[in-house]
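Report on the structure
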Amino acid sequence: MNVSIIGTGHVGLVTGACLAERGHRVLCVDSDEKKIRFLRAGRMPIYEPGLEALVRRVRKAGRLHFGGTNADAVAFGKVVFICVPTPPTPSGGADLSYVEGVSRDIARALEDYRLVVEKSTVPVRTGEHVRRVLAKYARKGAAFDVASNPEFLREGAAIEDTLHPDRIVLGVETRRAEMILRELYRPFRAPILVTDLKSAELIKHASNSFLALKISYINAIAEICERAGASVTEVARGMGLDRRIGPEFLRAGLGYGGSCFPKDVAAFEAISRELGYHFRLLREVRRINAEARDRFVRKVEEELWIVRGKTIAALGLSFKPDTDDVRESPAVDVVRRLAAKGARLRAYDPRAGEPARELLGGGVTICGSALEACTGADCALLLTEWEEFRRLDWARIRRVMAHPTVLDGRNALDPVRMRELGFTYRSVGRP
Ligand code: NAD
């Protein structure tokens, strides 16, 4: 099937490449010409494990193409995916101007029937607006359907998640749209859930908010553990063995970040309010999440007493491991706050050094290795749980630090071993 992707970012690029891998012919377009030039030159604008090889393979097979206008995308694909950003507005709602703009572009280019699919994360009832925009700006009698196909991929495991999803949600309004999407996804051999459009939109917001809630829940438990002298690792293990709860998303630490959870929780709260329901639980989820970072910064201050003038090594800058995405990264936030307090920050991340440099400006030194970052440091902070940090030669790190203090914001290291190595070691919710 011919498929078009409008918005070739984290979601659009991965979706396009995976649809091509499953045998479809895919055209990916983007308003960012530099990104398209990059992709055409065989380079990846983002780091995602396995992406570069996959894109190379499906391009060589002639099934994935980059470039063109949004009108070209409409001419090419029977299915047109909208994968543009839905960033937060100052009041916490979702900024739908990209989705609206693209919908107008699609409308103006509509000739034959097209199935327009929202893949961007949008508040419930956005599909109705998209349908209205299409009807308003398209030529009279133009045939189209609107569907919702929310995306659940995790950055860092995006290819695996897209090729082998837990479920594929199809929110449709017509039998025709359902049949097209079923055919599109048949090669994925994944469980398919067909719903009405609004329920599909809600499934995405409800899922992300629930996952964020799980993280905040365990972070609240971590706080109680610290006060009581218990171990949140043990508590989480005991909880997670209950199949009704499950072990995922019960890792205490600095809380969630990234381009999705913070904005999706806020947007879900905003649309709920608009619908007349005050989702106070979500406000609490956000508050607990913010508190996790505050507490961590306070711990650094407790250890160093005066932060100004101290050298602090920051290990990890991406919002989670295996990605170079620094959007809303708790690690970047912590680094920024300590730099603002006058500390000298030396940061290292296996992949996110450059993207973070752009965000942080000149005040933070970006280092080429963990060892370099830790050399001469008064304390080291583990802010993103990259596997590389677990495997570090910590004995060697201890020798190069000015003072052997490690604050582990992700509970990534073994407290017993770290203390045996002679570190003053603190983590989150563990005695
Ligand atoms: P992104 O910023 O990486 O990519 C969006 C792309 O859209 C950019 O390349 C941008 O240049 C392009 N774009 C913007 N306006 C355009 C226009 N008018 N025409 C053509 N292209 C345009 O964003 P993303 O992370 O891929 O997220 C996209 C959507 O998917 C968001 O709604 C997000 O919430 C949702 N989502 C993201 C993830 C994730 O892990 N990143 C997971 C699930 C859902």
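Criteria and thresholds
- The residue numbers shown here count from 1 along each chain, following its written sequence.
- This being a predicted model, a pLDDT of at least 70 is required before a residue's local features are given, and a value of 80 or more before pairs of side-chain atoms are given or counted; all residues contribute to the totals for chains, interfaces and linings.
- In computing side-chain properties, one takes all heavy atoms of the structure into account and sets aside hydrogens as well as water.
- Only protein chains enter the accessibility calculation, which uses a 1.4 Å probe; a residue is then buried when its area is under 20% of its type maximum, exposed when over 50%, and partly exposed in between.
- Segments assigned H or I by DSSP are reported as helices when at least four residues long, segments assigned E as strands when at least two residues long, and all are numbered from the N terminus.
- Throughout, the arc means that of the directions going from the helix axis to the C-beta atoms.
- Here, two residues are considered to be in contact whenever any of their heavy atoms come within 4.5 Å of each other.
- Should DSSP find at least two bridges between two strands, the strands are regarded as paired.
- When the strands point away from the viewer and the path from the first strand over the helix to the second turns clockwise, the crossover is right-handed.
- Either an automatic procedure or a domain database provided the assignment from which the domain bounds are taken.
- Defined here as a combined quantity, buried area equals the accessible surface (1.4 Å probe) lost by two parts on assembly, summed across both.
- Salt-bridge detection follows one rule: a side-chain nitrogen of Lys or Arg within 4 Å of a carboxyl oxygen of Asp or Glu.

1. Observations concerning helix α3 (residues 51-60)
Within the span of α3, buried status applies to Leu51, Leu54, Val55 and Val58. One face of α3 carries all of its buried residues, which in axial projection span an arc of 95°. Counted as exposed and oriented over 90 degrees from the buried face of α3: Arg56 and Lys60. On its buried face, α3 sits against α1 (10-21), β3 (64-66) and α7 (158-163). Following α3 by one or two positions, Gly62 adopts a phi angle in the positive range, close to 80°.

2. With respect to the environment of Leu254
By the element assignment, Leu254 lies in the loop between α10 (232-240) and α11 (261-274). Separated by 154 residues in sequence, Leu254 and Asp408 have C-alpha atoms that sit 9.4 Å apart.

3. Comments concerning the pairing of strand β4 (residues 79-82)
Alternating positions in β4 separate into two faces, Val79 and Phe81 on one and Val80 and Ile82 on the other, with burial throughout. Of the strand pairs in this sheet, β4 and strand β5 (residues 114-118) are connected by four bridges, and their pairing is parallel. Bridge pairing links Phe81 to Val117 in β5. Handedness of the crossover joining β4 and β5 through helix α5 (residues 97-109): right-handed.

4. A few points about the pairing of strand β1 (residues 2-6)
Most of β1 is tucked away, with four of its five residues classed as buried. Note that β1 and strand β2 (residues 25-29) share five bridges and pair parallel. Along β2, the bridge assignment pairs Asn2 with Arg25. The parallel pair β1 and β2, bridged by α1, forms a crossover whose chirality is right-handed.

5. Looking at the domain arrangement of the chain
If you check the domain split of the chain, you get domain 1 (2-195), domain 2 (204-285) and domain 3 (295-426). The C-alpha-based centres of domain 2 and domain 3 are spaced at 24 Å. Contact residues are listed per partner, giving 14 residues for domain 2 and 16 residues for domain 3. Summed over both partners, the interface of domain 2 with domain 3 buries about 1100 Å², with 48% contributed by carbon and sulfur atoms. Of all residues in domain 2, Arg251, Leu254 and Gly258 give up the largest surface area on contact with domain 3, accounting jointly for 46% of the area buried on that side. On inspection of domain 2 and its partner domain 3, the count reaches two salt bridges. Between Arg295 and Glu223 there is a salt bridge, with the nearest N and O atoms lying 2.7 Å from each other.

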